[in-house]
Amino acid sequence: LSDEVHENGDGEVRLEPKEWTGWGIISNVDDVASDNRVAIELKSDIPSMLPTKNWRLGAWSDTTGYPKVGTFYQGRLWLASTDVQPQTLWSSESNTNTLFSPSTLEDSIVLDTSAITATLASRQVNAVTNIIGDSTGLIVLTENTEWLGRATNNKPITPSDLSFQSQSAYTTLKGVQPILAGTRYLVFQGEGAVLREFVFDLAQDRFVAKNISILSEHMSQTGAKDMELQQGRSTRVWVVLDNGSLISMIYEQEQDIVGWENHTLGQSGGTDPTVV
């Protein structure tokens, strides 16, 4: 430790302790040693080689799990959903995707550009299934709730200016990436039988999720496992079902046109082909 001196020009000074930190990767654990020694591969300088108990483990590891979803938003890499912290989000520092320090290393000051760690506050644990960067904010889809993260007055998100508000309470289907069609997101709910149109309502200042498959739920009742957007003279959403069937939806949001159809594939060798 060393001291940092601040002078105000009037002959007065203020002394502050200055903490220096470094980091590394645990490369070996000595299970036999009684003092639980570990070997660390240093990735940055440390202030001293003297013994210390002032260590902090990282959030991600083989035992705690690694983030399952992520996106880029406002110059940061956002990651979320580990095994131990399924509804926690981590962002990198601004304009980088490799540094996740919550403060400056030398003096532990939290800057607007510092990394962010945020846990969604809900009554039950719902793992994050998708993160989407949108002009309205950071959309976070979980197993049971949709959230919107924003700073005040449309400012960039910072460690001291970020709040998450729940938008709706619909389950979202794991493994199927939401798609952006025009200005609206299409998200499969629950077991994949219901497709919802996730759109921001200015009057309510929140996202709403309209069921756009309500008149054709019999076509997707076996559950979806993948979907993709095709744009051309018309906008079409292709959906692969769990049973290998292929269906599609004509989607023209400006005219409120939604039309579903089933696609029968020709037989090959006397068996009905399936889509994988």
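It should be emphasised that the depicted structure is a prediction, and the values quoted were computed from it without experimental measurement.

A. Looking closely at the overall build of the chain. If you tally the helices and strands in the chain, you get zero helices and 20 strands. Residue burial in the chain is summarised as follows: out of 276 residues, 37% are buried. Across the chain, the fraction of contacts at a sequence separation of at least 24, relative to all contacts at a separation of at least 6, is 39%. Approximately 17,300 Å² of the chain is accessible, and the part contributed by carbon and sulfur atoms is 49%.

B. Broad picture of the packing of aromatic side chains. Going through the model one piece at a time under the given rule, you end up with four aromatic pairs. Both rings, one in Trp 60 and one in Phe 100, keep their centres 5.2 Å apart while their planes meet at 75 degrees; by these two values the pair is edge-to-face. Here Trp 60 is found in the loop between β4 (38–42) and β5 (69–73), whereas its partner Phe 100 is found in the loop between β7 (88–91) and β8 (116–119), with 40 residues between them in sequence. Residue Trp 60 is classed as partly exposed on the basis of its relative accessible area of 27%.

C. A look at the sheet that holds strand β13 (residues 179–181). Spatially, β13-β14-β15-β16 is the arrangement adopted by the four strands of the open sheet, whose pairing is antiparallel. With partners counted over all chains shown, the strands left at the sheet margins are β13 and β16 (206–211), one partner each. Within the sheet, the average angular offset between the axes of one strand and its neighbour, ignoring direction, is 35 degrees.

D. Here's a closer look at the side chain of Thr 172. Assignment of secondary structure puts Thr 172 in the loop between β12 (163–168) and β13. Under the relative-accessibility criterion, Thr 172 is labelled buried at 7%. At 2.9 Å, the side chain of Thr 172 and the side chain of Thr 129 are in polar contact. Looking at Thr 172, its side chain comes within polar contact range of the main-chain oxygen of Thr 142, at 2.7 Å. Every residue in contact with Thr 172, bar those within four places of it in the chain, is listed here: Thr 129, Leu 141, Thr 142, Glu 143, Glu 146, Val 187, Phe 188, Gln 189 and Gly 190.

E. Expanded view of the environment of Val 38. Mapped onto the secondary structure, Val 38 falls in strand β4. A relative accessible area of 42% places Val 38 in the partly exposed class. Residue contacts for Val 38: discarding those within four places in its chain leaves Ile 26, Asn 28 and Val 29.

F. Highlighting the environment of Ala 209. Checked against the element boundaries, Ala 209 lands in strand β16. Overall, the relative accessible area of 14% leaves Ala 209 in the buried class. When the C-alpha atoms of Ala 209 and Glu 197 are compared, they prove to be 5.3 Å apart, with twelve residues separating the residues in sequence. Once residues lying within four places of it in the same chain are set aside, the contact partners of Ala 209 are Ser 168, Tyr 170, Arg 196, Glu 197 and Phe 198.

G. A look at the confidence of the model for the chain. Residues of the chain with pLDDT of at least 70 account for 88%, and the chain-wide mean is 85. Of the regions scoring below 50 in pLDDT, residues 1–6 engages in 19 contacts with residues more than four places distant in sequence or in other chains. For residues 14–18, every residue scores under 50 in pLDDT, and the model assigns this stretch 15 contacts once sequence neighbours within four places are set aside.

H. Main features of unusual backbone geometry. One non-glycine residue with positive phi stands out, namely Ser 81, at about 75 degrees. Phi at Asp 256 is positive, roughly 55 degrees, even though this residue is not glycine. Its place among the elements puts Asp 256 in the loop between β19 (246–252) and β20 (257–263).

I. Inspection of the nonpolar core at higher detail. Counting 18 residues, the largest nonpolar core has Leu 186, Phe 188, Leu 195, Met 227, Val 239 and Met 249 as its most contacted members. Mapped onto this core, the elements with two or more residues apiece are β13, β14 (184–189), β17 (224–231), β18 (235–241) and β19. With sequence-adjacent residues up to four places away left out, Phe 188 is seen in contact with Thr 171, Thr 172, Leu 173, Val 176, Ala 193, Val 194, Leu 195, Ala 224, Met 227 and Val 239. With 16 residues, the next largest nonpolar core counts Tyr 73, Val 128, Trp 147 and Ala 151 among its residues.

J. Focus on the pairing of strand β15 (residues 194–201). Counting buried residues in β15 gives seven out of eight residues, a clear majority hidden from the surface. Bridge count between β14 and β15: five bridges; the pairing is antiparallel. Its bridge partner being in β15, Phe 188 is matched across the sheet by Leu 195. Here β14 folds back onto β15 in antiparallel fashion, the turn holding four residues, of which Gly 190 has a positive phi close to 50 degrees.

K. Examining a nonpolar patch on the surface more closely. On the surface, Ile 26, Val 29, Val 38 and Leu 57 cluster together into a nonpolar patch covering about 380 Å² of accessible area. Along the polypeptide, Leu 57 turns up in the loop between β4 and β5. By relative accessible area, Leu 57 is classed as exposed at 71%.

Cut-off values and rules
- Residues numbered from 1 in each chain as written.
- Predicted model: local features only at pLDDT ≥ 70, side-chain atom pairs only at ≥ 80, totals over all residues.
- Heavy atoms only, no water.
- Helix = DSSP H or I, 4+ residues; strand = E, 2+ residues; numbered from the N terminus.
- Buried < 20%, exposed > 50% of the residue type's maximum accessible area, 1.4 Å probe, protein only.
- Contact = heavy atoms within 4.5 Å.
- Areas by Shrake-Rupley, 256 points an atom, 1.4 Å probe, with all protein chains shown as cover.
- Phe/Tyr/Trp six-rings, centres within 6.5 Å; stacked < 30°, edge-to-face > 60°.
- Pairing = 2+ DSSP bridges.
- Axes fitted to C-alpha atoms, helices over the stretch in contact; angles between N-to-C directions.
- Polar contact = N/O pair within 3.5 Å; in protein donor to acceptor, adjacent residues only side chain to side chain.
- pLDDT = per-residue confidence, 0-100.
- Core = buried A, V, L, I, M, F, W, Y, C linked by side-chain atoms within 4.5 Å.
- Patch = residues over 30% accessible without salt bridge, like charges linked within 9 Å, V, L, I, M, F, W, Y side chains within 5 Å.
- Salt bridge = Lys/Arg side-chain N within 4 Å of Asp/Glu carboxyl O.

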